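# Commentary on secondary and tertiary structure
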Amino acid sequence: MTQISVIDNDRVASLAAHRLGLMVQKARQIREESDAFIRRWPTLTERPPTPAFAWTELERQLLDLAPDSLAPVVRDLVSALRKEASPKPPEMVLREILIVAATVLDDGFHDRWTEGTTMP
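Quick summary incoming for the structure in this document. Please read all numbers here as calculations on a predicted model, not as lab measurements.

The next thing to look at is the side chain of Ser34. With respect to the helices and strands, the residue Ser34 is situated in helix α1 (residues 9–40). Each residue touching Ser34, except ones within four places of it in the same chain, is listed here: Pro87, Lys88, Pro89 and Met92.

In structure tokens, the structure reads:
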């Protein structure tokens, strides 16, 4: 017996429009945050070269600094940083990396994370 599925074109179009709206909203949010960052810290006219590193190297080092229980969080945070880095000023991305590193090294965060993930 063949089953017939019915696709509600209005519902599919509505879902697509909703997703597009969320993407546009996220892009605007990133743009506004980047603009605010540049207003607070204008790009330096002289920027000496800095060491280059790969996202995988950053993730590897953060994973080494973090307890094993935080590995999924570290991977998610590095992934989010990487995905949103291109439209941001480099110094803003550096600041976000430093925030992730501070979080990874914060024993209080480790405790809260462990308490939040422990099953009662």
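Of all hydrophobic cores here, the largest spans 14 residues; its most connected members are Leu62, Ala66, Val74, Ile97, Val100 and Val104. Within the residue set of this core, elements represented by two or more residues are α2 (55–65), α3 (71–85) and α4 (90–105). Sequence-distant contacts of Leu62, defined by excluding residues within four places in its chain, comprise Val74, Val78, Val100, Ala101 and Val104.

This next bit is on the side chain of Glu96. Its place among the elements puts Glu96 in helix α4. Judged by its relative accessible area of 18%, Glu96 falls in the buried class. Apart from residues lying up to four places away in sequence, Glu96 is in contact with Leu81 and Lys88.

Reading the values: rules and limits
Residues numbered from 1 in each chain as written. Predicted model: local features only at pLDDT ≥ 70, side-chain atom pairs only at ≥ 80, totals over all residues. Heavy atoms only, no water. Helix = DSSP H or I, 4+ residues; strand = E, 2+ residues; numbered from the N terminus. Contact = heavy atoms within 4.5 Å. Core = buried A, V, L, I, M, F, W, Y, C linked by side-chain atoms within 4.5 Å. Buried < 20%, exposed > 50% of the residue type's maximum accessible area, 1.4 Å probe, protein only.

Honestly, that's just the spatial picture; any functional story needs more than this.
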